[in-house]
Amino acid sequence: MAHHKSAEKRIRQTETRTARNRANTSRLKSAVKKAETAIAGGNKTEAEAALKQAQPELARGVNQGIIHKNAAARKMSRLTKRLRSLA
């Protein structure tokens, strides 16, 4: 257990940051998964809406440091490519 005030504060900060990071990561993964399932379902309008929600989440993930910018770009590109192939 922490013996200094600064160490106790660091523990509190770590708990807060961990909770925030988990929530943000979960939101990002959920948005991507929702887009993937919509594309797999074959409904183009639903898939387009899901992709429109996933793209800003991916961009936000890059800004927050959750995901690497190239990984986000790759996911967006692949999802868009799969969406276009639905036609």
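Cut-off values and rules
- Residues numbered from 1 in each chain as written.
- Predicted model: local features only at pLDDT ≥ 70, side-chain atom pairs only at ≥ 80, totals over all residues.
- Heavy atoms only, no water.
- Salt bridge = Lys/Arg side-chain N within 4 Å of Asp/Glu carboxyl O.
- Helix = DSSP H or I, 4+ residues; strand = E, 2+ residues; numbered from the N terminus.
- Buried < 20%, exposed > 50% of the residue type's maximum accessible area, 1.4 Å probe, protein only.
- Axes fitted to C-alpha atoms, helices over the stretch in contact; angles between N-to-C directions.
- Parallel < 35°, antiparallel > 145°, perpendicular 65-115°, else oblique.
- Left-handed = near helix turned anticlockwise from the far one by under 90°.
- Contact = heavy atoms within 4.5 Å.
- Nonpolar A, V, L, I, M, F, W, Y, C, P; charged D, E, K, R; others polar.
- Expected span 1.5 Å × (residues − 1).
- Arc of directions from axis to C-beta.
- Polar contact = N/O pair within 3.5 Å; in protein donor to acceptor, adjacent residues only side chain to side chain.

Quick notes on the pattern of salt bridges
Logical step 1: Applying the stated criterion across every chain, the model contains two salt bridges.
Logical step 2: The partner of Arg27 in a salt bridge is Glu57, and the shortest N-O contact between them spans 3.0 Å. Of the two residues, Arg27 sits in helix H1 (residues 5–41) while Glu57 sits in helix H2 (residues 44–64), which places them 30 residues apart along the sequence.
Logical step 3: Classification of Arg27 as partly exposed rests on a relative accessible area of 37%.

Things to note about the packing of H1 against H2
Logical step 1: H2 packs onto H1 with a crossing angle of 155 degrees between their chain directions and a minimal axis gap of 8 Å. Relative to H2, the element H1 lies roughly antiparallel. Considering how the two elements wind past one another, H1 and H2 form a crossing that is left-handed. Counting all contacts with H1, which are made through Asn24, Arg27, Leu28, Ala31, Val32, Lys34, Ala35, Ala38 and Ile39, the residues of H2 involved are Glu46, Ala47, Ala50, Leu51, Ala54, Glu57, Leu58, Arg60 and Gln64.
Logical step 2: Partitioned by chemical class, the residues of the contact of H1 with H2 number eleven nonpolar, two polar and five charged.

Comments concerning the environment of Glu36
Logical step 1: Structurally, Glu36 can be placed in helix H1.
Logical step 2: Sequence separation between Glu36 and Leu83 is 47 residues; the distance between their C-alpha atoms is 9.2 Å.
Logical step 3: Once residues within four sequence positions are removed from consideration, Glu36 is found in contact with Leu79 and Arg82.

Considerations on H2
Logical step 1: Compared with the 30 Å implied by 1.5 Å per residue over 21 residues, the 30 Å span of H2 between its first and last C-alpha is a close match.
Logical step 2: All buried positions along H2 are accounted for by Ala47, Ala50, Leu51, Ala54, Glu57, Leu58 and Gly61. Projected down its long axis, H2 shows its buried positions confined to an angular sector of 135 degrees, all on one face. Every exposed residue of H2 that faces more than 90 degrees away from the buried side is listed here: Thr45, Lys52, Gln53 and Asn63.
Logical step 3: Structurally, H2 contributes buried residues whose contacts are with H1 and helix H3 (69–84).

Quick notes on the side chain of Asn24
Logical step 1: Along the chain, Asn24 falls in helix H1.
Logical step 2: Overall, Asn24 belongs to the buried group, its relative accessible area being 12%.
Logical step 3: A distance of 3.4 Å separates the side chain of Asn24 from the side chain of Gln64, its partner in a polar contact.
Logical step 4: Beyond its immediate stretch of four places on either side in the chain, Asn24 contacts Gln64 and Ile66.

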